[in-house]
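The lines below spell out each chain.
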Amino acid sequence: MKTLIFLLEKEFRQVFRDPAILRMLFIMPVIQLIVLPLAANYEVKNINIDIIDHDKSDFSAELITRLNGSGYFKLKNTPGTFEEAMKDFANDNADIILEIPSNFEKDLVKENNSKLFMAVNAINGAKANIGASYLNSLIQKYNIEVRTEWLNAPEQKLQKGILLEYSNWYNIHMNYRNFMVPGILAILLTMVGMFLTSLNIVREKEAGTIEQINVTPIKKHIFILGKLLPFWIMGLVVLTLGLLVARIIYGISPLGNLFHVYLFAAVFLWATLGLGLLISTISKTQQQAMLIAFFLLMIFILLGGLYTSIDSMPKWAQIITWFNPVKYFIEVMRMIILKGSTLFDILKHVGIMILFAIFFNAWAVLSYSKRS
Amino acid sequence: MNELAIKAEKLSKNFGSFKAVDEISFDVKKGEVFGFLGANGAGKTTAMKMLIGISTPSSGKASIAGYDIYNETEKIKRNIGYMSQKFSLYDDLTIGENLRFFGGIYGLSRPDIKLNTEKVLDRLHLQKEKNALVKSLPLGWKQKLAFSAAMFHSPQIVFLDEPTGGVDPLTRREFWDMIYEAAELGTTIFVTTHYMDEAEYCNRISMMVDGKIEAMNSPKELKKQFNASSMDEVFLDLARKATRTGD
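All chains use their own residue numbering, which begins from 1 and follows the written sequence. Each chain takes a letter, starting from A, and each ligand takes a number, starting from 1, following the order in which they are written. Two thresholds apply to this predicted model, a pLDDT of at least 70 for residue-level local features and 80 or more for giving and counting side-chain atom pairs, whereas whole-chain, interface and lining totals are computed over all residues. In computing side-chain values, all of the structure's heavy atoms are included and hydrogens and water are not.

Draft legend 1. Main features of the overall build of chain B. Looking only at helices and strands, chain B features 9 helices and 10 strands. What you see for chain B is a C-alpha radius of gyration of 18 Å, in line with the 18 Å of a compact globule of 247 residues. In terms of its C-alpha atoms, chain B occupies a principal-axis envelope of roughly 50 × 40 × 35 Å. In the structure as shown, chain B presents an accessible area of about 10,900 Å², 50% of it carried by carbon and sulfur atoms. We count a stretch as a helix when DSSP gives it H or I for four or more residues in a row; a strand needs E for two or more, and each element gets its number in order from the N terminus. Within these notes, the globule rule equals 2.2 Å times the number of residues to the 0.38 power, and the radius of gyration is based on C-alpha atoms. Using a 1.4 Å probe, accessible areas were evaluated by the Shrake-Rupley method; residue-level cover was limited to the displayed protein chains.

Draft legend 2. Layout of the overall build of chain A. Each helix and strand counted, chain A has 14 helices and 4 strands in total. When its C-alpha atoms are laid out on the principal axes, chain A stretches across 95 × 45 × 40 Å. Partly exposed residues are those whose accessible area sits between 20% and 50% of the maximum for their type, while under 20% is buried and over 50% is exposed, using a 1.4 Å probe and protein chains only. Evaluated residue by residue, chain A yields a buried proportion of 47% over its 372 residues. Sequence-distant contacts in chain A: of pairs separated by 6 or more residues, those separated by 24 or more amount to 79%. If you sum the accessible surface of chain A, you get close to 19,100 Å²; carbon and sulfur atoms cover 63% of it. In what follows, residue pairs with any heavy atoms lying within 4.5 Å of each other are defined as contacts.

Draft legend 3. Summary view of the sheet that holds strand E10 (residues 212-217) of chain B. Residues and elements named next belong to chain B. Two strands are said to pair when DSSP picks up at least two bridges between them. Taken in spatial order, the 6 strands of this open sheet run E6-E7-E8-E3-E9-E10, and their pairing is mixed. With one partner strand each, in any of the chains shown, strand E6 (80-83) and E10 form the two edges of the open sheet. The sheet shows a mean angle of 15 degrees between the axes of neighbouring strands, direction not considered. Bridge count between strand E9 (residues 204-209) and E10: 5 bridges; the pairing is antiparallel. Bridge assignment links Met 208 to a residue of E10, and that residue is Ile 213. Here the axes come from fitting lines to C-alpha atoms, over the contacting stretch only for helices, and the angles between their N-to-C directions go from 0 to 180 degrees. On top of the sheet, helix H6 (residues 169-184) reaches strand E3 (33-38), E6, strand E7 (157-161) and strand E8 (188-193); it is set at about 155 degrees to E8, its chief contact. The strands touched by helix H9 (residues 231-239) within the sheet are E3, E9 and E10, with E9 carrying the most contacts at an inclination of about 25 degrees.

Draft legend 4. Quick peek at the interface of chain B and chain A. In this complex, chain B contributes 37 residues to the contact, which on the side of chain A involves 26 residues. Computed with a 1.4 Å rolling probe, the buried area is the accessible surface lost when two parts are put together, summed over both parts. Together, the buried faces of chain B and chain A total about 2,900 Å²; carbon and sulfur atoms form 52% of this surface. Ranking the residues of chain B by area buried against chain A places Ile 54, Tyr 90 and Ile 105 of chain B at the top, with a combined share of 21%. Salt bridges are identified by distance alone: a Lys or Arg side-chain nitrogen within 4 Å of an Asp or Glu carboxyl oxygen. Run the count over chain B and chain A and you get 5 salt bridges. We note a salt bridge from Lys 370 of chain A to Glu 74 of chain B, for which the minimum N-O separation is 3.0 Å. Between N or O atoms, a polar contact is any pair within 3.5 Å; within protein, one atom must be a potential hydrogen donor and the other a potential acceptor, and residues adjacent in sequence are included only when both atoms are from side chains. Counting across the chain B and chain A interface gives 18 residue pairs in polar contact (both at pLDDT 80 or more). Secondary-structure elements contributing two or more residues to the side of chain B that touches chain A are helix H2 (73-79), helix H3 (95-105) and helix H4 (110-123) of chain B.

Draft legend 5. Just the sheet that holds strand E1 (residues 47-53) of chain A, in detail. Residues and elements named next belong to chain A. Taken together, the 4 strands give an open sheet; going across it, the order is E2-E1-E3-E4, and neighbouring strands pair in mixed fashion. The open sheet is flanked by strand E2 (73-77) and strand E4 (117-120), the only strands paired with a single partner. Adjacent strand axes in the sheet meet at a mean angle of 30 degrees, parallel and antiparallel pairs treated alike. For E1 and E2, the ladder comprises 4 bridges, and the chain directions are parallel. Bridged to Asp 50 within E2 is Asn 77. Helix H4 (residues 82-90) contacts E1, E2, strand E3 (96-100) and E4 of the sheet and is inclined by roughly 170 degrees relative to E3.

Draft legend 6. Main features of the pairing of strand E1 (residues 4-15) of chain B. Residues and elements named next belong to chain B. Sheet topology note: the E1/strand E2 (residues 18-29) ladder contains 8 bridges and is antiparallel. Bridged to Leu 4 within E2 is Lys 29. Between the antiparallel neighbours E1 and E2 lie 2 residues, among them Gly 16 with a positive phi of about 65 degrees. In the sheet, E1 pairs with strand E4 (residues 59-64) via 5 bridges, with the strands oriented antiparallel. Paired with Glu 9 across the bridge in E4 is Lys 61.

Draft legend 7. Quick look at the pattern of salt bridges. Under the criterion given, the structure shown has 28 salt bridges over all chains. Each of Glu 9, Arg 13 and Arg 17 of chain A together with Glu 97 and Arg 100 of chain B takes part in one network of salt bridges that share partners.

Draft legend 8. Just H6 of chain B, in detail. Residues and elements named next belong to chain B. Multiplying 1.5 Å by the residue count of a helix minus one yields the expected span of that helix. In this model, H6 (16 residues) spans 23 Å end to end at C-alpha, consistent with the 22 Å of a helix rising 1.5 Å per residue. Within H6, the full set of buried residues consists of Thr 171, Arg 172, Phe 175, Trp 176, Met 178, Ile 179, Ala 182 and Ala 183. End-on view of H6: buried residues confined to an arc of 155 degrees, all on one side of the axis. Exposed and facing more than 90 degrees away from the buried side of H6 are Leu 170 and Glu 184. You can read the cap of H6 off the contacts: a side-chain oxygen lies 3.0 Å from the backbone nitrogen of Leu 170, and it is on Asp 168. Of all possible arcs, the one meant is that of the directions from the helix axis to the C-beta atoms.

Draft legend 9. Structural detail: the environment of Thr 209 of chain A. Mapped onto the secondary structure, Thr 209 of chain A falls in helix H8 (residues 209-214). Judged by relative accessible area, which is 3%, Thr 209 of chain A ranks as buried. Dropping the residues within four chain positions of it, Thr 209 of chain A is found in contact with Glu 204 of chain A together with Ser 88, Leu 89 and Tyr 90 of chain B.

Draft legend 10. Just the packing of helix H9 (residues 220-250) of chain A against helix H10 (residues 258-282) of chain A, in detail. Residues and elements named next belong to chain A. Contact pair H9 / H10: the axes reach a minimum separation of 9 Å and the direction vectors enclose 135 degrees. On the basis of the axis angle, H9 is oblique to H10. When you trace H9 past H10, the crossing you get is right-handed. Residues Ile 224, Lys 227, Leu 228, Phe 231, Trp 232, Gly 235, Leu 236, Leu 239, Thr 240 and Leu 243 of H9 lie in contact with H10, whose contacting residues are Leu 258, Val 261, Tyr 262, Ala 265, Ala 266, Leu 269, Trp 270, Leu 273, Gly 274, Leu 277 and Thr 281. Lys, Arg, Asp and Glu make up the charged group, whereas Ala, Val, Leu, Ile, Met, Phe, Trp, Tyr, Cys and Pro make up the nonpolar group; the residues left over, Gly among them, are polar. Considered class by class, the residues forming the contact of H9 with H10 number 16 nonpolar, 4 polar and 1 charged. Working rule for angles: under 35 degrees goes down as roughly parallel, over 145 as roughly antiparallel, 65 to 115 as roughly perpendicular, anything else as oblique. Should the near helix be turned anticlockwise from the far one by less than a right angle, the crossing is termed left-handed; should it be turned clockwise, right-handed.

Draft legend 11. Broad picture of unusual backbone geometry. Backbone geometry at Asp 92 of chain A places phi at a positive 65 degrees, although glycine is not the residue there. Mapped onto the fold, Asp 92 of chain A is located in the loop between H4 and E3. Look at Asp 92 of chain A and you get partly exposed, because its relative accessible area is 47%. Of note in this structure, Glu 162 of chain B is not a glycine but carries a positive phi near 45 degrees. Take Glu 162 of chain B: it is sitting in the loop between E7 and H6. Note on Glu 162 of chain B: relative accessible area 12%, which makes it buried.

Pasting the structure below:
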């Protein structure tokens, strides 16, 4: 126990003497939390559209004005032919091509039925799909208005559309940032914790100081604990900073109990820092440790449910995510912060995380060998 | 009471088919200054690492301060000090912080640490540099500091791996003064070196060639045995037999 205090004293001194670590701990997460949620946004705006208007009628002109004024579309070009429009597709200047046939107004007025053709550039699949559905709904709306107002169509002839009313729960304004910020905070904490710990022991190997440690009677678990605790404390400080940024800049404060956020983060940090130390004990150089940490982080992030929903992943990928501690953290952060979940709701997550923590830390202690 | 500080019997370490240390046997008495000589790559450092318990032997037996090097390494570690070939104190800590850290790891009390630190600073005339980061010190001072750190918890035996590598003759001389002071207080010194003038300072020396101990005796007897006027000649005579190339 006394040894541990000397070890902690030394680790803290070293951390506070290294400006690179301090920047990584305190400045990097804050900047990322300010910049990332603004950039990482699924709301699609600025969809570039080419409209080929063969009709050149009042109706088609009105439709174009409406699309332009919707705020989602940017009218790029009004080419004469579909072939010309395809050039914009090829150069990635347009995401959607809308072709209005020459008898659009006539058909609509006379036959109460007309066709529009829409082509979608699916290279950016998400943008294209969302754009197409926006366009679709705008045209539907226009269609209904045209029929009721302009054509004075008799009521009974109007097909009664199914009116879908919906309400968003937990993220009332469908504000994408509310969804992203807790998740990004979870990722940042993982990144900072894993990188710093994975580089720590291996740096002592490179400097040769580990040899001086290994000839002392220090106990292996005390050594690992002494390496873990400083970053555990600093991880919680980073979390606090992140929550403050979320509150001040995005106005997000946890609906649930703040203490539960810390409780889970504490267990989560214990697990990820253990993993970082494990990487550090098995690596021979800092470069090696960095690459392993980076490889794992990529998987953790991509299979963590931050950017893509885990529910829509194939079954095998979903099974992989069970072994991803970051997935549980992101879930819990969203549950407590956005949904106001209680300790009872996250009990399963806490249990799983404790298992991760025991597993990684035990492995780290075992793989740290004072002898070769 | 056991009068032997170190006892090794047919101690070996293989890396694959390469026999880094090949069945070496020797004894070191308590309070002795024992020189462990050999060319680069002869296996000195590997042998030392087995003795201090950071490398597991492939075969053979050895005991340090009466403790077995297979099962009692942690007990051994309480009773030995070690100074590595490569400077291995923390560059980003001050002299005082380094001494305090290692003192603390060995279980010294805070008042003892304070007292010993003052002694070391006085002995090395480093009072003014107490709060200087270790990385700012010249190599000679670093080496003396590393030795003091290895001696900080008053070990029975201290292992020094090429402690005077790369330092000037004056500092080497001062370094050996410190070694003698420690020996006079009863500490057993196990030291490797390349410098044959330093070999003369040892009570007894062993010469390692290609992983084996080829000769072992006092410097005087060795010179007689090899019919040489200096230890240099003894060394060259033996080292020429080596078939391994140095590192």
